[in-house]
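# Examination of the molecular architecture
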Amino acid sequence: MIDNGRVAIAGEEIADPGRQFDPAGLVFSVDGTDWVYQEKAYLMLNKPAGYECSHQPKHHASVYALLPPPLNGRQVQSLGRLDEDTTGLLLFSDDGQFIHRIISGKRKVAKTYRVTAKHPLPDTAITALLSGVELADEPGLVVAAGCERVDEKTILLTVTEGRYHQVKRMIAAVGNRVDALQRVAIGRLPLPEDLPEGKWRWLSAGEYASLLATEPNPA
Ligand code: URA
């Protein structure tokens, strides 16, 4: 890119690929687009419905199509997956250790979903979700770490595991079904209200720190 005259720093075209720069706070441009130098990439996407969290999507577009080529070029990966029809907060990184720390089952990082059910959710359903429900074809109980009513058909459900279709199966276990599912927080990091669907942005230093400060749940 430098040989082809595409890279500039502070408006000056860089001609020498061997030139050294202090990376701290370095801003460079490629083809006129500014980039802040990032040793590792940490970003969030407000995932729209109709995208699969896969590099080889089967029926819909890939979430990676929503990221610019330089981020795919450095092979960022989503931290876990959301279903094709689930919307909301999805994180990406190219830092393997960070990805592992956040998605490792052992750390039990809480994920909060806004669940809109097809039918009204009675208080007994909320109590059942908080005391544990049995998922079809799986032994044991899955217990919600939190469950708050928003309205008759809507709850904020917090889970600490990441089983296949977990939220949909938990709602099925209380005799209902999910009409719309949006992830609204991961640990202490909420989906920002000003991030439109389909858009990504870098995590701020504070957001990155808040994710790593997410304590594993005691049990
Ligand atoms: N649980 C689900 O059922 N689907 C998701 O996309 C995420 C959690």
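What comes next concerns the included structure. What you see as residue numbers is a count from 1 along each chain, following the sequence as written. Whole-chain, interface and lining totals are the exception, using all residues; otherwise, since this is a predicted model, local features are given only for residues with pLDDT of at least 70 and side-chain atom pairs are given and counted only at 80 or more. Side-chain metrics in this entry use all non-hydrogen atoms of the structure; hydrogen atoms and water are not considered.

Another aspect to go through is the site of the ligand. Any residue with a non-hydrogen atom lying within 4 Å of a molecule or strand is treated as near it. Every residue close to the ligand is listed here: L82, D83, T86, Y113, H165, Q166, V167, K168 and L181. Here a polar contact is recorded for every N or O atom pair within 3.5 Å, except that within protein the pair must consist of a potential hydrogen donor and a potential acceptor, and residues adjacent in sequence are included only if both atoms are side-chain atoms. Here an oxygen atom of the ligand sits 2.8 Å away from a polar atom, N or O, in the side chain of T86. In the environment of the ligand, a nitrogen atom lies 3.1 Å from a nitrogen or oxygen atom belonging to the backbone of V167. Class assignment for the residues of the shell around the ligand results in 4 nonpolar, 3 polar and 2 charged. Structurally, the shell around the ligand is a two-domain feature, drawing no fewer than three residues from each of domain 2 (42-106 + 188-212) and domain 3 (111-186). Following the grouping adopted for this structure description, the nonpolar residues are Ala, Val, Leu, Ile, Met, Phe, Trp, Tyr, Cys and Pro, the charged ones are Asp, Glu, Lys and Arg, and the polar ones are all others, Gly among them. Domain delimitation follows an automatic or database domain assignment.

Once that is clear, we can look at the packing of aromatic side chains. Stacked, tilted and edge-to-face pairs are distinguished by plane angle, under 30 degrees for stacked and over 60 for edge-to-face with tilted covering the rest, among Phe, Tyr and Trp rings (Trp via its six-membered ring) whose centres lie within 6.5 Å. Here the structure, examined in full by the defined rule, presents 5 aromatic pairs. Ring centres 5.2 Å apart and planes at 85° place the aromatic pair W200 and W202 in the edge-to-face group. Accessibility expressed as a relative area gives 22% for W200, which makes it partly exposed. Here W202 falls in the partly exposed class, since its relative accessible area comes to 22%. Summary of the burial criterion: residues with accessible area below 20% of their type's maximum are buried, those above 50% are exposed, and those between are partly exposed, where the area comes from a 1.4 Å probe applied to protein chains only.

Geometric values such as these leave the question of function open.
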